[in-house]
Each structure stands twice: as C-alpha cells, then as structure tokens.
Amino acid sequence: MTFDPIDLGSFWMPKQSSTIAQEIDTAYYIVYWLDVVMFFALMVPLAWFMYRYKRRTAKDKVSDITHSTTLEITWTIIPSILVIGLFFVGLSGWMKAMVAPGNALEIRTTAEMYMWTFTYPNGNVSVNELVVPKGQPVKLIMSSKDVLHSFFVPEFRVKQDVVPGTYTTVWFEATENRDTILFCTEYCGVGHSDMLAKVRVMDKADYDNWQETGLMPGEKPLPPAELGKKLYATRSCNTCHSLDGSRIQGPTFKGVFGRTEQIADGSSVKVDENYIRESLLEPNKKVVSGYPAVMPTYKGLLKETDIDALIAYLKTVQ
Amino acid sequence: MANTATVDELGHSPEVRGKNYLNQTAGVWSWLTTVDHKRIGIMYLVSVLVGFGLGGIFALLVRLELLTAKKTIMDASQYNQAFTLHGAAMVFLFIIPSIPASLGNFFLPLMIGAKDVAFPRLNLLSLYLYWIGAIFMLAAIVTGGVDTGWTFYVPYASGVSTTSVISATFGVFVMGFSSILTGLNFIVTLHKLRAPGMSWYRMPLFLWSLYATSIIQVLATPVLGITLLLLIFERAFHIGIFDPTLGGDPVLFQHFFWFYSHPAVYIMILPGMGVATEILATNARRRVFGYKAIAFSSVAIALVSFLVWGHHMFVSGQSELSSAIFSFLTFFVAIPSGVKMFNWLGTLWGGSIRFTVPMLYGIAFLFLFAIGGLTGLFLGMLSVDLHLHDTYFVVAHFHYVMMGSTAIAFFGGLHHWWPKMTGKMYDEKLARVGFALTFIGFNWTFFTQFILGTRGMPRRYYNYLDQFQPLHAFSTYGSWVLGTGFLITFICLARSLKTGAPAPADPWGGATLEWKTASPPITENFEKAPIVTLDAYERPAEETA
C-alpha cells in the first residue's frame, strides 16, 4: 500500500476524518473513563478484601451481616442513573449520524461478492474506490446484489449494513484531504476480507474535475498501456488475475495476449483484442476451462478508451 | 475399626459404606442406560469437555492463521470453516450445556436434598438428544464443513454457501430439544423435590441461577428451533421466508435468531454467576451478602434478556426507533449484573478468605466479568456501536463474558466439585500453574483485541491490513499461553483420577447440602432424606463460634 490505510489518532481510535467522528469519540471517552472509574471502584475493594480478610486461622471470626438495604438501594440507583445517562449520550450522536443533511451529494452504492461499485450523480462509475469531495455531506444509497454486506470506514466512524432487496443509507462529511479505507464488516463469504475499497477525499474543485475528465488531482492523461496498468489495479482486475503466473480466482495475465485458451465447452479461443473486449463485457460467454464463471460484467463500468487501454496493457504483460 | 457396625459420621450404615454412584454397577451398558443424574452429569461433563477441546483446537488454528496478514496455514475457505466451527462448537456443544447439563445435573438434586431429578428418564433422553445433535454437527465437518459463521445469517446460509449448512443447523435444532428438556426437568425438580425445610430462600444461589436459566431455555429455545427449521426449508425448498429474491426478508432472520440467541447469552452466563457465588461463599466462609438481591437479579436478568435482542442489529437496517428502544432496554441488563457484582464483594467483606484453586477462579471471574460487563456499555450505546459493531472490540467483549466469565466459572466449579464428583483430590500446585497460565493467556489474547477493534479491525477477516499485524501476532502468542494453561489443567485433573488422594466428604468447609454426603456420593445421594433447618450458607452455631 502506498498510503496508511488507517491513520491512528490516539492509542484507541483512528484519526477523526469526518464531522461525526468527534461526537462519537466524545461518547466513547465518556463511557471509557466512566468504565475506568467503575472498574477501580470494584477492583480496589476486591484487592483490599483479599488482603484484609485472608484466612489466618481456622477459627477466624466472620461478619454475620447478611444484607444492608441502604447499601443495596444505593448501588442499584447510582448505576441506573449512570446507564440511563449513557443511553442519552449515545442517542444524541446517533441521531446526527442517522439524518443526512438535505444538500448531501447522493452516490448510489452497490455491494456484491466481492466488490463495491459507486455510481455518481452524473453517471460516472468507480469500482472499489469511493471518491468524495471534502467538506460536503455525502449520502450513500446502498443495496446489495447478493448477500449481506456492511459499509464501514473507521476514520469516519460510520457503519451500515447493505441488505439485498432494500435500500439502506449512510452519510458522512469528510474533513481530511487524504485517502483512507473502507471495509466490508458483515461476513459475506470466501472473499469477505478482500472486499475493501479506497476512499479518496479531495477538494471540491478536484472532485469536479475528476467527474469531468476522470483525472485525479495532478494527473495528466496517460498513454493507453499505462492507463491500462492503472485500471488493472483500480478496477480490481488484480483481485482475480495475477501478473506473475500464479493462480488466483481467474487465469493469470502473464503472457495472456496471443495465448490460446481452452474454453469450458471444449472449444478453444485465441486471446486477442476481440476476446478481451468480450470478456470484459460478457465475461461468462467464454470462460476458460477450470475456472469458475464468477467474473462480473464491466459493461457500463468501463469507457471504450478504458477497454482500449486495458488491451494495450495486457499486450505488455509477458 | 470397632465401630463398623454403627453409622459413620455422615450417617451411612454399613450396607452403603464404600458403595457409590461410580461403583454401584459396572460396565458401559450400565452407564448408557443409567437414570442416575450424577452419571448423566458425568457423561455430559465428558461430552462438553470434548466439545471444548474441539472448539479450542479450531480457536488455536484460527489464531495461528491470523499470525500473519496473508496466508499462514490455511486458505480463506478453510479459515471460514475453522472460525464457524470454533463458534458453533463452543456455543452449542460446550458453553450452553456446560454448567447446567454437567454440574447442574450432578448437583441440583444434591443441593436440594433430593434423590434425583423429577424425570430421570427424560434426563437420559436429553443426553441422547445432545449426542445425536453433536453427531449431525460433526457430520457437517466431515462432509464439507460449514462456512456461514455460527449465526447462520441469510441469505448467505440459505442460498449461497455450498457447505453442509443443513446438517449443522439440524444438529443445533436437535440439541435445542436437549436444552429444553433439561430446563423443564430442572424447573419441575426445584418446584417439587426440595427436601423438608428447604424453602426457596434457603436454596443455594447456584440453584436460583439454574432456575432462571431453565426458564430461558424453555421459553427461548423453541424460537431457535423454528428459525433453524425455516432456514433448512428455505435452503432445501426455496420457500421465500428470508431470501429477498423470493420475496423474503433477511433482517427477519436476524430478529428470530437473536430473539433466541440473546437470551442464550444469559443461558451461558447465569449458571456461571451461580457457580461463582458458591465458590465465593464457601471460600470466604461467609453467608452470601444480599441473598435475595442475587436471587432476584438472576430472575430479572432472565426477564430483561427477552427484551434486548435488537441491540445486535443497530446497523442491520432495522428502524431507528427500534434501535433506540433496544438500546434503552439493553442498559437495564447492566443494573442487576452490577448488583450481583457489589453483592459478591459484600460477601468477601468481613469473610475469612482461603485461596484454594476454586477461589482463584472465583476471583478471576470477578475480574474478567467486570471487564466483560463494563465493555458491554460501549456496545449498548448507539453512537459508539456505529464504530465498534462487527469489529474485534465485539470479539473481545463477548470472549470476556462467555469465556472469561462463564468458562472460567465452569472450570472453577469443576475444581470446586471435582473431589465430590470423583472422590479424588487433585494436585493443588499443578492446578495453580494451570490457572495462572489460563488467566494470563486469556487477558493477553483478548485484551489485545479491544485495541484492534477500536482501531477498526473488522471481525471474521482472513486477510487484514499490515498495520494490524503486530497486535494480531501478540494476540496469537497469548493464545498459546492460554492453550497451555488449559492443557495443564486437563492433565492435572486427569492425573488425579489415578494418583489423587481420596477426597473427604467436605474438603473446603462448605455449608451446602452436597458436602453432607460421601465423596463420591452414594447412588441415591443421601441414605436418609436430609431435613433442612438452616438458611442458605448458614453454618451451625458451634462452627461459627
């Protein structure tokens, strides 16, 4: 990784990178310090009694007090007040986390085994990379194509399950101009722990420029093979296709261009421009024998120039 | 001896002296067809320890895999099976039946002065149902494993996973009946078979905890049964209860599941609290402080446990109002739990504390349960849970409650009652070594995971970010210390069966009825039904003078 996926803000918590984070951390530290005090309030007497009342003779006198109504009422009422207080502390931050501001930028988010797809208001799509402007509320409208997933960005302190058959939402306003990571936190099968995405927070102007041109801040248009190399990583081809000949979910890309592949139905196909294009758009039409037909279609996710770039890149992987 | 013709100090006549439930009859068949609650308790004990060993081996494998950020010893699908089987074996084979079915079965009738449970044959049937369920679960392991997590969340479990989900869930379904029947048996036994003079408020508090547990078992377990049956139908016949592509609702499954499984958490912890109470009272040689408060707090926990399941679902997509109500109610579990904590301290106050091995476990229980309980407050708070839900913080929290508290209480109880059950004393020094390594290894392994969790490490991850690696490695080293502790404890107890000194009837100076019969007890517990004249934990005047 070229960046610190989670930047630590303190011993316990990551850096606060959203507007809601501070509120949640405050609640965290309220219960934390209350717990520390209560823990010592229990353990100091325990340690003292262990020392003070250690058995010395077989005939030690023991206290015959069996109960004390005053004590018992005290230690019922005080904790009751404390925990009800905690409930309201938790409720207050949570209500802010649940209600998105009306001016939020809405991004459609789709989770599936095992990738995240983000569709921006103008129709642009990014895969396993969520790009958001700094200082603007963002609301994700999420659904799942298959099983339960969950959207979690530690630096933002937000989490929400993504459920098939319904929409759930989550919102945040990023405050730090940096990259971080989002996790899937609801167990979703064999690729669960690899279902990560990068969250890129940039200035509003850079975000608008990226929406317009597909160029990240400071980026110049790339020659096709280099753009293809980048897409290989950013569009998660690397999750399933290796460059070094090793077998992952799908066939390796090492020396793939010009190779003749055995197809599941018994025929064979030479990997050329047309086969690569077809495999991107209709991946399950000609699946290489011995591999599961699990590749999602990239139709609508890649522009024609992206496809050309990937082809150019695959020619160079030898 | 000159006085062999008369009764001994326990009132045993010559005919029964030397005879006990272990040697009264011999042979495997006499055990498999026994209706003696003590033999059934011992068979449960052996079974749950096997379940614990199985779950423990998977635990060590899971931790070993997590030593490095990428592949260490197994691939992702093997890892998913390993953590699923660790969870399922620990929950269903070990921790739910552990204390009630083994120690409870053995000691409940003894502690109320009864000959047996109310329905001895039903008791045997419970054991067989447990075994049958266990066989289905083991069959799932050998026929492709299970990779759904012990919660069997849909639609992954109902439609996507290719593993032996039906066999595993059917196993749990059958074991549910075992749990229900044991609960039913205990409730009736406590109502009908108490010895003369043994009023409700004279019962040892372990029995109050078993009573509360039994109520939950009888009321909640059927819901799990129905839920798992629906899951099996969904998977086999695609009926569309839970699967959204068939018009079902995956969140409904979570409601059903946690409606059982949250009370089940108290099926696990309440008996542990009861055992801890016995250990503390015996070794402080003191009447329990606030007897009624402890008794009623058990019942209160049982009742509140039915109202809080939704706190597992704050981020599931359930309505915000539901989450707020569930959060509010959840905090009410903290109050009776806190009351118990203070009463246990009150029991030590002014006592005469002897640090036997069981007492070490009892004190460790107080320490670990305090951490387990207090960290639960973080997760009950709506906003804080947004960050901590499904991270290692949750893993650490429930291990402190379920393992740190319940399992530690179970092993404390095992040492406490081992002389009574087996008639043998164990090697005190070796038992202390086992305890110390367990205690250190446990905190080493799991306290680390609180830090992993707050920093954002999600649970059930096979691969993880490099930046979490040092803490994961540290936690894994702790698990080896923990495993060694349990191994030594096991060796110590097993060795005592061969080389242990004979146990006296009352090695710790206990005040409850089970210490008033021989070690091991005779087949029908007491030759003459005891008559109870003292309050719970009260000692005769000449002893306390």
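An unreviewed UniProt entry lists chain B under the name Cytochrome c oxidase subunit 1, with Polyangium mundeleinium given as the organism. Of chain B, the UniProt comment under Pathway (unreviewed entry) reads exactly: "Energy metabolism; oxidative phosphorylation." Here chain B is described in UniProt, under the heading Sequence similarities (unreviewed entry), as follows: "Belongs to the heme-copper respiratory oxidase family."

As recorded by an unreviewed UniProt entry, chain A carries the name Cytochrome c oxidase subunit 2 and is attributed to Polyangium mundeleinium. Here is the UniProt Function (unreviewed entry) comment for chain A, exactly as written: "Subunits I and II form the functional core of the enzyme complex. Electrons originating in cytochrome c are transferred via heme a and Cu(A) to the binuclear center formed by heme a3 and Cu(B)." Its UniProt record, at the heading Sequence similarities (unreviewed entry), says of chain A: "Belongs to the cytochrome c oxidase subunit 2 family."

On to helix α9 (residues 291-304) of chain B, then. Helix length check: α9(B), at 14 residues, gives a terminal C-alpha distance of 20 Å against a target of 20 Å (1.5 Å per residue), a fit within 8%. Every buried residue of α9(B) is accounted for by Y291(B), A293(B), I294(B), A295(B), S297(B), S298(B), I301(B), A302(B) and V304(B). Residues of α9(B) that are buried make contact with α2 (69-98) of chain A together with α7 (205-237), α8 (250-283) and α10 (320-348) of chain B.

What follows covers the pairing of strand β1 (residues 105-112) of chain A. Residue and element names in this part refer to chain A. Along β1, six of the eight residues are buried, which leaves the element largely enclosed by surrounding structure. Strand direction decides the pairing type here: β1 and strand β5 (residues 137-144), joined by seven bridges, are parallel. Bridge pairing in β5 links T110 to S143. Direction of pairing for β1 relative to strand β2 (residues 115-119): antiparallel, over a ladder of five bridges. Looking across to β2, one finds that T109 is bridged to F118. Where β1 folds back on β2, the antiparallel hairpin that results is connected by two residues.

So, on to the interface of chain A and chain B. Each partner contributes residues to the interface: chain A has 81 residues there, and chain B has 90 residues. Together, the buried faces of chain A and chain B total about 7400 Å²; carbon and sulfur atoms form 70% of this surface. When residues of chain A are sorted by the area they lose upon contact with chain B, R55(A), W94(A) and Y187(A) head the list and together hold 11% of the total. Here chain A is connected to chain B by zero salt bridges.

Before going further, it helps to examine the pattern of salt bridges. Evaluated as defined, the whole model comprises 21 salt bridges over all chains. In this structure, E176(A) and K15(A) form a salt bridge, with 3.6 Å as the shortest nitrogen-oxygen distance. Of this pair, E176(A) sits in the loop between β8 (168-173) and β9 (179-184) while K15(A) sits in the segment before α1 (21-52); the two residues are 161 residues apart in sequence, bridging distant segments of the chain. With its nearest N and O atoms 3.4 Å apart, the salt bridge here joins R287(B) to D535(B). Taken together, the positions of R287(B) in the loop between α8 and α9 and D535(B) in the loop between α15 (469-499) and α16 (541-544) put the pair 248 residues apart, joining distant regions of the chain. Among the ionic contacts, a cluster of salt bridges with common partners joins D7(A), K15(A) and E176(A).

This part is about the UniProt feature "domain: Cytochrome oxidase subunit I profile" (unreviewed entry) in chain B. In the numbering used here, UniProt assigns the "domain: Cytochrome oxidase subunit I profile" (unreviewed entry) feature to residues 23-533 of chain B. Along residues 23-533 of chain B one finds 70% helix and 0% strand; the C-alpha atoms at either end are 32 Å apart.

Before going further, it helps to spend a moment on the sheet that holds β8(A). Residue and element names in this part refer to chain A. One open sheet holds the five strands; their spatial order is β3-β2-β1-β5-β8, and the pairing between them is mixed. A single partner strand is all that each edge strand has here, and the edge strands are β3 (125-127) and β8. With strand direction ignored, the average angle separating the axes of adjacent strands in the sheet is 25°.

In this section: the UniProt feature "domain: Cytochrome c" (unreviewed entry) in chain A. When the UniProt feature table is mapped to this numbering, "domain: Cytochrome c" (unreviewed entry) covers residues 223-318 of chain A. Within residues 223-318 of chain A, the helical portion is 39% and the strand portion 6%, while the C-alpha atoms at the span's ends are 19 Å from each other.

Mapped onto the elements, R459(B) comes out in the loop between α14 (428-454) and α15. Since its relative accessible area comes to 15%, R459(B) is described here as buried. For R459(B), the residues in contact, after removing those within four places along its chain, are H192(A), D390(B), T391(B), Y392(B), V394(B), V395(B) and F398(B).

Reading the values: rules and limits
Residues numbered from 1 in each chain as written. Chains lettered and ligands numbered in written order. Predicted model: local features only at pLDDT ≥ 70, side-chain atom pairs only at ≥ 80, totals over all residues. Heavy atoms only, no water. UniProt positions renumbered as here; feature names shortened; annotations may be inferred. Helix = DSSP H or I, 4+ residues; strand = E, 2+ residues; numbered from the N terminus. Expected span 1.5 Å × (residues − 1). Buried < 20%, exposed > 50% of the residue type's maximum accessible area, 1.4 Å probe, protein only. Contact = heavy atoms within 4.5 Å. Pairing = 2+ DSSP bridges. Buried area = accessible area lost by both parts, 1.4 Å probe. Salt bridge = Lys/Arg side-chain N within 4 Å of Asp/Glu carboxyl O. Axes fitted to C-alpha atoms, helices over the stretch in contact; angles between N-to-C directions.

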